[in-house]
Amino acid sequence: MASTRQIESSLLTEHLRYTPLTLLDDIINTINELVSRAVDAAEQGLLAADPANLGFDQRARAEKRVVEKDGVDTEWMREEARREIEEGVHQLETLLESNVDKNFDKLEIYVLRNVLHVEEGLVDWVRLGHYENITIPDPNSTVAVPTPESIQQLRRKVQETRKLHAALQKTVKRNEATLSQLRSLINPSAVDVKAEQHSSSPSRDTTGAFTFLTNTPSAQSLGIAPITSTTSPSKTINTPLETNTSFTLAQLPALKALLNDLRPKLAEIGDDAAVKESDLAKERRMYIENQTKKVLEKRGVEIGEEAVEVGRRVPPEELAALEGIVEGMGGNVERDRMEE
């Protein structure tokens with residue numbers, strides 16, 4: 001079980017959006033960065049200064065070292081000055097960092113104990129702003145507690161529902177546009193008629209392209225009234241075509257049931273119920289059969305009681321050629337007889 005200190009830290013973290021130690025670490029890091037910048041600036045300033053101005057020439061005379069008459073430092077003096085400056089800057093940086101750590105550790109302890117702190121008895125009674133109007137479920141209830149997976153699934157369902165809603169709205173608008181175009185073909189609106197009447201072509205027909213479906217005498221005899229659009233709620237639109245269509249569709253199941261009852265009865269009746277051939281039809285059939293037999297006999301096909309196989313079907317071109325040959329042979333025989 002979490003301790004009171006951990007609960008307090010979690011409460012402050014949720015309220016501040018960051019942990020208390022993060023705030024203190026940011027403060028300490030900022031101070032350390034400022035100290036580092038100050039030390040670097042001091043080092044650069046000392047290195048850029050003349051060693052003689054820093055007192056290195058006086059120390060050289062005290063140590064009885066060779067110094068030029070005009071007081072200009074020599075190379076050894078500059079090297080020694082650079083080394084001592086680096087050592088001194090390092091010591092200064094170490095001293096400042098030590099003092100910063102020691103004093104800001106005290107600041108951290110003070111802030112955690114007195115500033116970023118909630119009394120132990122008040123931790124369980126603190127309610128943050130985003131906790132308002134939240135119902136905490138009873139742990140003893142049988143209602144399923146939402147899980148991250150279930151919440152993610154619900155979020156996806158909401159997204160898909162929004163997509164479907166947008167698609168349905170587009171479909172509704174598209175269907176409304178199509179219906180308005182179809183209505184204008186049967187009965188143009190008053191605005192369109194008025195605009196066409198004031199147009200430059202007076203001979204143009206102001207009726208719809210398909211008004212003949214509802215305005216002709218045959219349509220009126222069937223009870224199909226013209227479709228009129230009105231915005232007045234007191235007026236009603238008579239649509240006998242819809243009424244007739246609905247009535248016809250309502251009678252279809254009964255007709256299907258009657259048809260299913262008649263089919264087995266027709267199968268039982270069989271050929272006895274066939275309509276007898278009339279005398280005129282029989283006479284015509286006999287005439288066609290006799291003429292067919294005569295044609296076949298002329299062409300050398302013997303017709304018996306049984307069916308005759310006449311071989312392959314002769315194309316019309318071959319048949320015409322054969323008839324021409326036969327006629328030619330018959331003409332020569334008659335000419336020979338006349339000469340005899």
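Residues numbered from 1 in each chain as written. Predicted model: local features only at pLDDT ≥ 70, side-chain atom pairs only at ≥ 80, totals over all residues. Heavy atoms only, no water.

Student: Lay out the overall build of the protein in plain terms, naming residues and giving numbers.
Tutor: Of the regular secondary structure elements, the protein holds 11 helices and 0 strands. N-terminal to C-terminal, the α/β element order of the protein is α-α-α-α-α-α-α-α-α-α-α. Long-range pairs, those at least 24 residues apart, make up 53% of the contacts in the protein with a sequence separation of at least 6. On the protein, roughly 28900 Å² of surface is accessible, and the fraction owed to carbon and sulfur atoms is 57%. (Helix = DSSP H or I, 4+ residues; strand = E, 2+ residues; numbered from the N terminus. Contact = heavy atoms within 4.5 Å. Areas by Shrake-Rupley, 256 points an atom, 1.4 Å probe, with all protein chains shown as cover.)

Student: I'd like a description of the pattern of salt bridges, backed by residues and values.
Tutor: One pass over the full model with this rule turns up 5 salt bridges. Linking Glu 79 and Arg 82 is a salt bridge whose minimum nitrogen-to-oxygen distance equals 2.4 Å. With a gap of 3 residues between them, Glu 79 and Arg 82 both fall in helix H4 (residues 75-115), about one helical turn apart. Judged by relative accessible area, which is 38%, Glu 79 ranks as partly exposed. Relative accessible area serves as the criterion here: at 34%, Arg 82 is assigned to the partly exposed category. Measuring nitrogen to oxygen at the nearest pair gives 3.9 Å for the salt bridge that ties Glu 160 to Lys 163. Here Glu 160 pairs with Lys 163, and both are found in helix H5 (residues 148-186), just 3 residues apart, close to one helical turn. Relative accessible area serves as the criterion here: at 55%, Lys 163 is assigned to the exposed category. (Salt bridge = Lys/Arg side-chain N within 4 Å of Asp/Glu carboxyl O. Buried < 20%, exposed > 50% of the residue type's maximum accessible area, 1.4 Å probe, protein only.)

Student: So what's going on with the confidence of the model for the protein? Residues and values would help.
Tutor: Confidence along the protein averages 75 in pLDDT terms, with 66% of residues attaining 70 or more. When mean pLDDT is compared element by element in the protein, H5 scores highest at 91, while helix H6 (residues 190-197) scores lowest at 52. Counted against residues more than four places away or in other chains, residues 229-234, with its pLDDT under 50, gives 3 contacts. (pLDDT = per-residue confidence, 0-100.)

Student: Summarise helix H1 (residues 4-16); cite the residues concerned and give the values.
Tutor: The periodicity of an α-helix, 3.6 residues per turn, causes residues three or four positions apart to be oriented the same way. Under the 1.5 Å per step criterion, the end-to-end length of H1 is 18 Å for 13 residues, consistent within 8% with the ideal 18 Å. If you check which residues of H1 are buried, you get Glu 8, Leu 11 and Leu 12. The arc that holds the buried residues of H1, viewed along the axis, is 95 degrees, so those residues lie on one side. Considering only its buried residues, H1 is in contact with helix H2 (20-48). Positive backbone phi, approximately 75 degrees, marks Arg 17, located one or two places after H1. (Expected span 1.5 Å × (residues − 1). Arc of directions from axis to C-beta.)

Student: Could you give me a rundown of unusual backbone geometry, with the residues and numbers involved?
Tutor: Of note, Arg 17 is a non-glycine position whose phi angle comes to about 75 degrees, a positive value. Counting through the fold element by element, Arg 17 comes out in the loop between H1 and H2. The exposed category is assigned to Arg 17, whose relative accessible area is 66%.

Student: Please provide a residue-by-residue account of a nonpolar patch on the surface, values included.
Tutor: Taken together, the side chains of Leu 249, Leu 252, Leu 255 and Leu 258 make up a nonpolar region of the molecular surface, amounting to roughly 390 Å² of accessible area. Counting through the fold element by element, Leu 255 comes out in helix H9 (residues 240-269). On the accessibility criterion, Leu 255 (52% relative accessible area) is exposed. (Patch = residues over 30% accessible without salt bridge, like charges linked within 9 Å, V, L, I, M, F, W, Y side chains within 5 Å.)

Student: How would you explain the environment of Met 77 if you had to name every residue and give the values?
Tutor: In this fold, Met 77 is placed in helix H4. For the pair Met 77 and Pro 51, spaced 26 residues apart in sequence, the C-alpha to C-alpha distance is 7.1 Å.

Student: I'd love a proper account of the side chain of Glu 8, names of residues and values included.
Tutor: Assignment of secondary structure puts Glu 8 in helix H1. What makes Glu 8 buried here is its relative accessible area of 5%. Polar side-chain contacts of Glu 8 include one of 2.9 Å to the backbone nitrogen of Val 118. With residues up to four places along the chain from it excluded, the contact list for Glu 8 reads Leu 116, His 117, Val 118 and Val 123. (Polar contact = N/O pair within 3.5 Å; in protein donor to acceptor, adjacent residues only side chain to side chain.)

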